[in-house]
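Structure at a glance
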Amino acid sequence: MLVDREKEEPLEEGVYYIVDLLGLEVYTDEGQLLGRVDDIFNTGSNDIYVVKNELGKQILLPGIPDVLKNVNLEEGKITVHLIKGLM
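Residues numbered from 1 in each chain as written. Predicted model: local features only at pLDDT ≥ 70, side-chain atom pairs only at ≥ 80, totals over all residues. Heavy atoms only, no water.

1. Focus on the pattern of salt bridges
Where we set the bar: The term salt bridge refers to a pairing of a side-chain nitrogen on Lys or Arg with a carboxyl oxygen on Asp or Glu at a separation within 4 Å. Numbering of helices and strands starts at the N terminus; helices are DSSP runs of H or I of at least 4 residues and strands are runs of E of at least 2. With a 1.4 Å probe rolled over the protein chains alone, any residue whose accessible area is under 20% of its type maximum counts as buried; one over 50% counts as exposed, and the rest are partly exposed.
Going through the model one piece at a time under the given rule, you end up with 2 salt bridges. For the salt bridge of R36 with E25, the shortest nitrogen-to-oxygen distance reads 3.4 Å. Highlighted residues: R36 in strand β2 (residues 33-42) and E25 in strand β1 (residues 25-28), separated in sequence by 11 residues. Taking relative accessible area as the criterion, R36 reaches 44% and is therefore assigned partly exposed. Look at E25 and you get partly exposed, because its relative accessible area is 22%. Residues D38 and K52 are paired through a salt bridge, measuring 3.6 Å at the closest nitrogen-oxygen approach. One end of the pair, D38, is in strand β2; the other, K52, is in strand β3 (residues 47-52), and 14 residues separate them in sequence.

2. Some words on the side chain of T28
The condition is simple: In this analysis, two residues are considered to be in contact whenever any of their non-hydrogen atoms come within 4.5 Å of each other.
Looking at where T28 falls in the secondary structure, it is placed in strand β1. For T28, a relative accessible area of 6% corresponds to the buried category. Setting aside residues up to four positions removed in sequence, T28 forms contacts with L34, T79, V80 and L82.

3. Some words on the sheet that holds β3
We count it as follows: Pairing between strands is defined by DSSP: at least two bridges between the two strands are required. The axes used here are C-alpha line fits, helices contributing only the stretch in contact, and every angle between their N-to-C directions lies in the interval 0 to 180 degrees.
Pairing is mixed in the open sheet, where 6 strands are placed in the order β4-β3-β2-β1-β6-β5. Taken across any chain shown, the strands that pair with only one partner, and hence form the sheet edges, are β4 (58-62) and β5 (68-72). Averaged over all pairs of adjacent strands, the angle between their axes in this sheet comes to 35°, without regard to strand direction. By the bridge criterion, 4 bridges tie β5 to strand β6 (residues 77-80) in an arrangement that is antiparallel. Across the sheet, residue N72 finds its bridge partner in β6, namely K77.

4. Some details on the layout of surface pockets
Our working rule: Each cavity reported here is a set of points on a 1 Å grid over the protein atoms alone in which a 1.4 Å probe fits but cannot get out, each pocket an open set with protein on both sides within 12 Å along at least five of seven lines, and each lining residue one with an atom within 4 Å of a point. Grid points are joined across faces, edges and corners, and a volume is the space filled by probe spheres set on the points. Throughout, the ten residues Ala, Val, Leu, Ile, Met, Phe, Trp, Tyr, Cys and Pro are labelled nonpolar, Asp, Glu, Lys and Arg are labelled charged, and all others, Gly among them, are labelled polar.
Approximately 250 Å³ is the volume attributed to the largest pocket. Breaking the lining of the largest pocket down by element, the ones donating at least two residues are α1 (18-21), β3 and β5. Among the elements that make up the lining of the largest pocket, the one with the highest residue count is β5 (4 residues). Here the lining of the largest pocket is built from residues that sort into 9 nonpolar, 4 polar and 2 charged.

What follows is the structure, given as structure tokens:
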């Protein structure tokens, strides 16, 4: 379904349209570039962010507060914390 951007409903703080997250660069909280958001899918309990680096390697990150630390649409950047076992 297509929606005119000017007619979109305002979202709660911390909630984003998937289209706005696709292509954002993903950095660890230590400053390491992991790649860009390539896709996001829902598992029922939380979203999974598919991050792809320049070599095509994919990293799957759960969209949970322990991992997703900051989303900055203006800077085109997401900051994540890699908890044990993610990589």
